[in-house]
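# Observations on chain architecture
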Amino acid sequence: IYTSMMSYDESTIGIGEELSEAFFNMSPNPSFGYVKISHDYNDARLSIIDVSGKIVYQQKRYQNNAQIDLHGLNNGIYLVQLQSDNHIKTKKLMIK
């Protein structure tokens, strides 16, 4: 009999992504117009994606803890994806 142990991270989504110990946090969530994302990635690329899958914000070299102005986005749920050469993590963000 073969058994395997699987682990997952509910804050990470996607196909074929490896779980990692990389740090990624954002606040405040829910956001009322601004959000700061802290991470320990090298050369992080940041994307904010709406529920239809459209990228509504993108920054190719996101600096740790930089404030992002989200006032141009409608209220709702978005996916925030942080990516480096070795890591991809996605978390939900609510904008009110």
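Structure shown above.
Below is a summary of the structure that appears in this document. (Residues numbered from 1 in each chain as written. Predicted model: local features only at pLDDT ≥ 70, side-chain atom pairs only at ≥ 80, totals over all residues. Heavy atoms only, no water.)

### Here's the deal with the packing of aromatic side chains
The tally for this structure, following the rule as stated, stands at 0 aromatic pairs. A cation over an aromatic ring shows up here: Lys91 above the ring of Phe24, its NZ or CZ 5.1 Å from the ring centre. (Phe/Tyr/Trp six-rings, centres within 6.5 Å; stacked < 30°, edge-to-face > 60°. Lys NZ or Arg CZ within 6 Å of the ring centre and 35° of its normal.)

### Topic: the environment of Met26
With respect to the secondary-structure elements, Met26 resides in strand E1 (residues 24-27). We classify Met26 as buried; its relative accessible area is 8%. Spatially, the C-alpha atoms of Met26 and Asn65 are 8.6 Å apart, while their sequence positions differ by 39 residues. Leave out the neighbours within four places in its chain, and Met26 touches Val35, Lys36, Ile37, Val80, Lys91, Lys92 and Leu93. (Helix = DSSP H or I, 4+ residues; strand = E, 2+ residues; numbered from the N terminus. Buried < 20%, exposed > 50% of the residue type's maximum accessible area, 1.4 Å probe, protein only. Contact = heavy atoms within 4.5 Å.)

### Examining the nonpolar core
Counting residues in hydrophobic clusters, the biggest one holds 17 residues, and the most contacted among them are Ile37, Leu46, Ile68, Leu70, Val80, Leu82 and Leu93. Of all the secondary structure elements, the ones that give two or more residues to this core are E1, strand E2 (34-39), strand E3 (45-49), strand E6 (76-83) and strand E7 (88-95). In terms of residue count, E6 provides more of this core than any other element does, 3 residues in total. When sequence neighbours within four positions are dropped, the list of residues in contact with Leu82 reads Phe24, Ile37, His39, Tyr41, Ala44, Arg45, Leu46, Tyr62, His87, Ile88 and Lys89. (Core = buried A, V, L, I, M, F, W, Y, C linked by side-chain atoms within 4.5 Å.)

### Quick look at the sheet that holds strand E4 (residues 55-59)
Pairing in this open sheet of 4 strands is antiparallel, and the strands run E4-E3-E6-E7 from one edge to the other. The strands lining the two open edges of the sheet, one partner per strand, are E4 and E7. Each adjacent strand pair in this sheet contributes to an overall mean axis angle of 20°, direction not counted. Taken together, the 4 bridges between E3 and E4 define a ladder with antiparallel strand orientation. Directly across from Ile49, in E4, lies its bridge partner Ile55. (Pairing = 2+ DSSP bridges. Axes fitted to C-alpha atoms, helices over the stretch in contact; angles between N-to-C directions.)

### Looking at the sheet that holds E1
Across the sheet, 3 strands lie side by side as E1-E2-E5; this open sheet has antiparallel pairing. Strands with a single pairing partner mark the edges of an open sheet, and in this sheet they are E1 and strand E5 (67-69). Neighbour to neighbour, the strand axes of the sheet diverge by 25° on average, direction disregarded. Summarising the sheet, E1 and E2 pair through 4 bridges and their orientation is antiparallel. The residue bridging Met26 from the neighbouring strand is Ile37, located in E2.

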